[in-house]
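Residues per chain are reported as follows:
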Amino acid sequence: MNTSQMKLFLTAAQHLNFTKAADQLEISQPTLSRQISNIESELNLMLFIRNGRELKLTPAGRALADTLSQVYHNYQNAVSQAQQIQRGLNGELRIGILHGTYVSDFMPEIVQYFQEKYSYVEISFIYDSFQSLQNKLYDNTLDISFTTQFNVINKEYLLYTYVEHTHDNLLMNRFHPLARRKNLSLADCKNETFILISEEDCPESSRLIIDACREQGFYPKISFAPTLYDLMLNTEAGKGITILDTRNMLRLDPHIKSFPLLNMKWDPSLVAVWNQNNFNPAIPVFMARLNQFSKNRPLL
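As the structure is a computational prediction, the values presented were derived from the model and not from experiment.

About the cut-offs
Residues numbered from 1 in each chain as written. Predicted model: local features only at pLDDT ≥ 70, side-chain atom pairs only at ≥ 80, totals over all residues. Heavy atoms only, no water. Helix = DSSP H or I, 4+ residues; strand = E, 2+ residues; numbered from the N terminus. Rg over C-alpha atoms; globule rule 2.2 N^0.38 Å. Buried < 20%, exposed > 50% of the residue type's maximum accessible area, 1.4 Å probe, protein only. Contact = heavy atoms within 4.5 Å. Areas by Shrake-Rupley, 256 points an atom, 1.4 Å probe, with all protein chains shown as cover. Lys, Arg positive; Asp, Glu negative; His and termini not counted. Charge placed at Lys NZ, Arg CZ, Asp CG, Glu CD. Core = buried A, V, L, I, M, F, W, Y, C linked by side-chain atoms within 4.5 Å. Pairing = 2+ DSSP bridges. Axes fitted to C-alpha atoms, helices over the stretch in contact; angles between N-to-C directions. Patch = residues over 30% accessible without salt bridge, like charges linked within 9 Å, V, L, I, M, F, W, Y side chains within 5 Å. Salt bridge = Lys/Arg side-chain N within 4 Å of Asp/Glu carboxyl O. Expected span 1.5 Å × (residues − 1). Arc of directions from axis to C-beta.

1. Re the overall build of the protein chain
For the protein chain, the count of helices and strands is 9 helices and 12 strands. Whereas a compact globule of 300 residues would reach a radius of gyration of roughly 19 Å, the protein chain reaches 31 Å, over 25% beyond that. In the protein chain, buried positions account for 46% of the 300 residues. Pairs at least 24 residues apart make up 75% of the contacts formed inside the protein chain by residues separated by at least 6 positions. Of the roughly 15900 Å² of accessible surface on the protein chain, 49% is carried by carbon and sulfur atoms. The averaged location of the 30 negative side-chain charges in the protein chain is 5 Å from the averaged location of its 28 positive side-chain charges.

Shown next, in the form of structure tokens:
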């Protein structure tokens, strides 16, 4: 018995009247009677007792109707849930944010939008490192990550869209001697210790900064930090200076002095990244809403 036959049988069992059941099913009464006879033949069961205009379920018919009613209900729910998932209306959306990146100015609006329009989509967030975000995109542990453009450009299977065009900044504790300056360039920092992210976590970052220093005529003294959180902590503690993008929350610390670094040869802008082989239907729904924020965002 297929699902169409289940529907015919259950409708007839509900009304105990082939004419009313046929009207609900939008088929003719003879067609319904013929289909019921086919079901009885297929199952080798007598499902209805026909006595003139009176129709009753046999004990076997009643037992089958009771069981199939729940089966058909579960089937309809399963199909409905699958259709909702296909439309991005249900399921889970897992989002990773690069350590230290603030999203409080735009993410709550998107979350509220999902709660109102797609309440069955559960959105979860984690902070994570450069490399871990990439790994989790590739194995579909994460659906979307927010990170810097230079870290994901030309990465196989990873697609991205700009959230906000930003630039990098020289950061240091406000008690650092250079913090008293009104302006500061990379060349002014040739005698300072640069706190950089480890090459294991983000080889692009340290390589780009070292190359920029060399172009200014010096090789920097370097202290590597295993994660961005460690890098931020060491900068707060006054162990050196660092370079971070405008979206990093350390720049908002009142005890940190920030100097803009413009016209560098890399792009630290905030991007939203996803794996082109991840077919979670909530991804395009999220990205469409995100674009409402990122559209016409000014350069910071």
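2. Notes on the nonpolar core
The biggest cluster of nonpolar side chains holds 40 residues, and the ones touching the most others in it are Leu 170, Leu 186 and Phe 194. Elements with a contribution of two residues or more to this core: α6 (130–138), β7 (168–173), β8 (193–197), α7 (203–215), α8 (228–236), β10 (242–245), β11 (256–261) and β12 (270–275). Counting 25 residues, the second largest nonpolar core, distinct from the first, contains Ile 95, Ile 144, Phe 146 and Leu 270.

3. Considering the environment of Leu 252
Within the secondary structure layout, Leu 252 lies in the loop between β10 and β11. Once the C-alpha coordinates of Leu 252 and Tyr 102 are considered, the two residues, 150 residues apart in sequence, prove to be 9.9 Å apart.

4. Focus: the sheet that holds β10
If you walk across this open sheet you meet the 3 strands as β10-β7-β11, and the pairing is antiparallel. The open sheet has two free edges, formed respectively by β10 and β11, since each of these has just one partner strand. In this sheet, neighbouring strand axes are inclined to one another by 35° on average, regardless of whether the strands run parallel or antiparallel. The sheet strands contacting α8 are β7, β10 and β11, and the helix crosses β10 at an angle near 125°.

5. Focus: the sheet that holds strand β6 (residues 158–164)
Strand pairing in a sheet relies on backbone hydrogen bonds, with the paired strands running either antiparallel or parallel. What the 5 strands build is an open sheet, ordered β4-β3-β5-β12-β6; its pairing is mixed. Strands with a single pairing partner mark the edges of an open sheet, and in this sheet they are β4 (120–128) and β6. Averaged over neighbouring strand pairs, the angle between their axes works out to 25° when direction is ignored. With 3 bridges joining them, strand β3 (residues 90–98) and strand β5 (residues 144–148) adopt parallel strand pairing. Considered in β5, the bridge of Gly 96 is made with Ser 145. Contacting β3, β4, β5, β6 and β12, helix α9 (residues 282–294) runs over the sheet at an angle of about 30° to β6.

6. A word on a nonpolar patch on the surface
Together, Tyr 127, Tyr 229, Met 249 and Leu 252 give the surface a local cluster of nonpolar side chains, amounting to about 370 Å² of exposed area. Examined against the element boundaries, Tyr 229 turns out to sit in helix α8.

7. Structural notes on unusual backbone geometry
Phi angles above zero are rare outside glycine, and Glu 26 is one such case at about 60°. If you trace the backbone, Glu 26 turns up in the loop between α2 (18–25) and α3 (29–43). On the accessibility criterion, Glu 26 (72% relative accessible area) is exposed. Its identity is not glycine, yet Asn 140 carries a phi of approximately 65°, on the positive side. Looking at the secondary structure, you find Asn 140 in the loop between α6 and β5.

8. Regarding the side chain of Ser 205
By the secondary structure assignment, Ser 205 is in helix α7. Looking at Ser 205, the relative accessible area reads 12%, which means it is buried. The contacts of Ser 205, once residues within four sequence positions are left out, are Phe 150 and Ile 197.

9. Topic: helix α1 (residues 3–15)
Relative to the 18 Å expected for 13 residues at 1.5 Å per residue, α1 spans 18 Å between its end C-alpha atoms, a close match to the ideal helical length. Of all the residues in α1, the buried ones are Gln 5, Met 6, Leu 8, Phe 9, Leu 10, Thr 11, Ala 12 and Ala 13. Once α1 finishes, Leu 16 follows within two positions and takes phi at roughly 50°, a positive value.

10. Re α8
Three or four residues apart is the spacing at which side chains of an α-helix point the same way, because the helix has 3.6 residues per turn. Of the residues making up α8, those classed as buried are Leu 228, Leu 231, Met 232 and Thr 235. For α8, the arc enclosing every buried residue in end-on projection is 95°, short of the 170-degree limit, so these residues lie on one face. Looking one or two residues beyond α8, the residue adopting positive phi is Gly 238, at roughly 80°.

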